[in-house]
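Residue-level structural notes
Here is what each chain is made of, one letter per residue.
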Amino acid sequence: MTNGQNGTRLKTNGYLSRVITYIPGDIVAAYVAAAGALEQARDTVPIELMLWLVAATLLVLTPLWILITARPDNGQPALFQAIAGTVAFACWVFALGGPFAYQPWYQPVYGTLALTFTTLVIPLAETAVVKALKPLNGQLRP
């Protein structure tokens, strides 16, 4: 449990750094660069629409990027990583605010809560998937 705004901010930053490990660095870099460019052009572009387009495009690209670039030790497609990375990316954008910050219902605490639970659930899900697939590993090899 943390006290005060600074403690909450530090806790959120810790969760941000954990959840980002599931997202490909190239996807994170693309979002940060695009969001920064859009912020600079705030007066000349429809920033909310553009942030939605950037987030949606990268959300679609995330699992494709992972499936193309990542290969676990067993040589099989990285399906869990693709799903986890996509969920983590969506949660990360939500926690940062991104296009959601322009919605009247959005409060930063929602992003913090989503980030907290995503950070806890993804490793649990990964452990469960690894345990469930362990007996099949020998059968999955070509």
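First, a word on what this report is: a plain description of the structure on this page.

Thresholds applied
- Residues numbered from 1 in each chain as written.
- Predicted model: local features only at pLDDT ≥ 70, side-chain atom pairs only at ≥ 80, totals over all residues.
- Heavy atoms only, no water.
- Phe/Tyr/Trp six-rings, centres within 6.5 Å; stacked < 30°, edge-to-face > 60°.
- Helix = DSSP H or I, 4+ residues; strand = E, 2+ residues; numbered from the N terminus.
- Buried < 20%, exposed > 50% of the residue type's maximum accessible area, 1.4 Å probe, protein only.
- Expected span 1.5 Å × (residues − 1).
- Bend = angle between axes of the 7 residues up to and from the residue.
- Contact = heavy atoms within 4.5 Å.
- Axes fitted to C-alpha atoms, helices over the stretch in contact; angles between N-to-C directions.
- Parallel < 35°, antiparallel > 145°, perpendicular 65-115°, else oblique.
- Left-handed = near helix turned anticlockwise from the far one by under 90°.
- Nonpolar A, V, L, I, M, F, W, Y, C, P; charged D, E, K, R; others polar.

**Thoughts on the packing of aromatic side chains**
- Counted according to the given criterion, the structure contains nine aromatic pairs.
- Relative to Trp-92, the ring of Phe-89 lies with its centre 6.1 Å away and its plane at 40°, an arrangement referred to as tilted. Of this pair, Phe-89 and Trp-92 both sit in helix H4 (residues 79-96), three residues apart, which is roughly one turn of that helix. With respect to class, Phe-89 is no different from Trp-92; both count as buried.
- Geometrically, the ring pair formed by Phe-94 and Phe-100 is edge-to-face, given 4.9 Å between the ring centres and 85° between the ring planes. Like Phe-100, Phe-94 is buried.

**Brief notes about helix H3 (residues 47-69)**
- Between its first and last C-alpha, H3 extends 31 Å over 23 residues, near the 33 Å set by a 1.5 Å rise per residue.
- At Leu-61, H3 is deflected by roughly 30°, the largest bend along its length, and proline Pro-63 occurs up to four residues later in sequence.
- Within H3 the residues assigned to the buried category are Ile-47, Leu-51, Val-54, Ala-55, Leu-58, Thr-62 and Ile-66.
- Looking at the buried side of H3, the elements it contacts are helix H2 (25-40) and H4.

**Focus: the packing of H3 against H4**
- In contact at an axis separation of 8 Å, H3 and H4 are set at 155° when each is read in the N-to-C sense. Judged by the angle between their axes, H3 and H4 are roughly antiparallel. Seen along the crossing, H3 lies across H4 with a hand that is right-handed. Residues Ala-55, Leu-58, Leu-59, Thr-62, Pro-63, Ile-66 and Leu-67 of H3 touch H4, and the partners they reach there are Leu-79, Gln-81, Ala-82, Gly-85, Thr-86, Phe-89, Ala-90 and Val-93.
- In terms of residue class, the contact of H3 with H4 is made up of 11 nonpolar, four polar and no charged.

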